[in-house]
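Notes for the structure review
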Amino acid sequence: GQSLEQPSEVTAVEGAIVQINCTYQTSGFYGLSWYQQHDGGAPTFLSYNALDGLEETGRFSSFLSRSDSYGYLLLQELQMKDSASYFCAVRAGGGYQKVTFGTGTKLQVIP
Amino acid sequence: EAGVTQFPSHSVIEKGQTVTLRCDPISGHDNLYWYRRVMGKEIKFLLHFVKESKQDESGMPNNRFLAERTGGTYSTLKVQPAELEDSGVYFCASSPRTGRGYEQYFGPGTRLTVT
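Summary of the structure given here. Every value quoted in this text rests on a predicted model; they were computed, and no experiment measured them. (Residues numbered from 1 in each chain as written. Chains lettered and ligands numbered in written order. Predicted model: local features only at pLDDT ≥ 70, side-chain atom pairs only at ≥ 80, totals over all residues. Heavy atoms only, no water.)

Bringing the nonpolar core into the picture now. Residues A:Leu32, A:Trp34, A:Leu75, A:Tyr86 and A:Leu107 are the most contacted members of the largest nonpolar core, which totals 23 residues. Of all elements in the fold, only strand S2 (9-13), strand S3 (18-25), strand S4 (29-37), strand S7 (60-65), strand S8 (70-75), strand S9 (84-92) and strand S11 (105-110) of chain A reach the threshold of two or more residues within this core. Ranked by residue count, the leading element in this core is S9(A), at 5 residues. When sequence neighbours within four positions are dropped, the list of residues in contact with A:Leu32 reads A:Leu4, A:Cys22, A:Tyr24, A:Ser47, A:Tyr48, A:Asn49, A:Leu64, A:Gly71, A:Cys88, A:Ala89 and A:Val90. Counting 21 residues, the second-largest nonpolar core is a separate cluster that includes B:Phe65, B:Val79, B:Tyr90 and B:Leu112. (Core = buried A, V, L, I, M, F, W, Y, C linked by side-chain atoms within 4.5 Å. Buried < 20%, exposed > 50% of the residue type's maximum accessible area, 1.4 Å probe, protein only. Helix = DSSP H or I, 4+ residues; strand = E, 2+ residues; numbered from the N terminus. Contact = heavy atoms within 4.5 Å.)

Here it is as structure tokens:
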């Protein structure tokens, strides 16, 4: 099976940079995704890394190291609206695109 | 393009009753997934359809849960009889079979409360 670990809570100041780490254990790894979920809302896709390195999309970047079974989500120029839960998710296994989610990191952005 | 829709948005039922949740995926998406999130815990995988076929149902808790996707379009998830521990938010997600299949589009969820 798959398992993922990420911090349960992170607090950061508006305008700052925050990094949310994710480590995973899995077999048949395809890639690592990140999703954002605001309270009461649906998870929304942020990024996907299949290969090692950094993927940048605006203020958000995601990094993957397959050899270390590790990735992170980097949020820059934090805004109050970035307060949400962030989930890493592993796409792995021998079947069709099974995705296993971590427990989520609740990010609180403070003024 | 319409997103993933789910019905109902909320459901409150008594223990022992039956509830059926519905999910309409994005048109053309062959992959359909059901997930459950309980009290701020992880988003737990329940099962995965490819068109009308169950590709993986390893996350289904027990035989009180029955999912169907007749015709490969919308899907239903029936809980019968419901137990207290079934409470949570049930999400449905869909993705295309090719291309950006790794990007799942989630519906707004159905908040199920079993009393």
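Residues and elements named next belong to chain B. Within the open sheet, the 4 strands sit side by side as S1-S3-S8-S7. Their pairing is antiparallel. Each having just a single partner strand, strand S1 (5-7) and strand S7 (65-68) make up the two edges of the open sheet. The sheet shows a mean angle of 15° between the axes of neighbouring strands, taken without regard to direction. Relative to strand S3 (residues 19-24), S1 runs antiparallel, the two sharing 3 bridges. Bridged to Gln6 within S3 is Cys23. (Pairing = 2+ DSSP bridges. Axes fitted to C-alpha atoms, helices over the stretch in contact; angles between N-to-C directions.)

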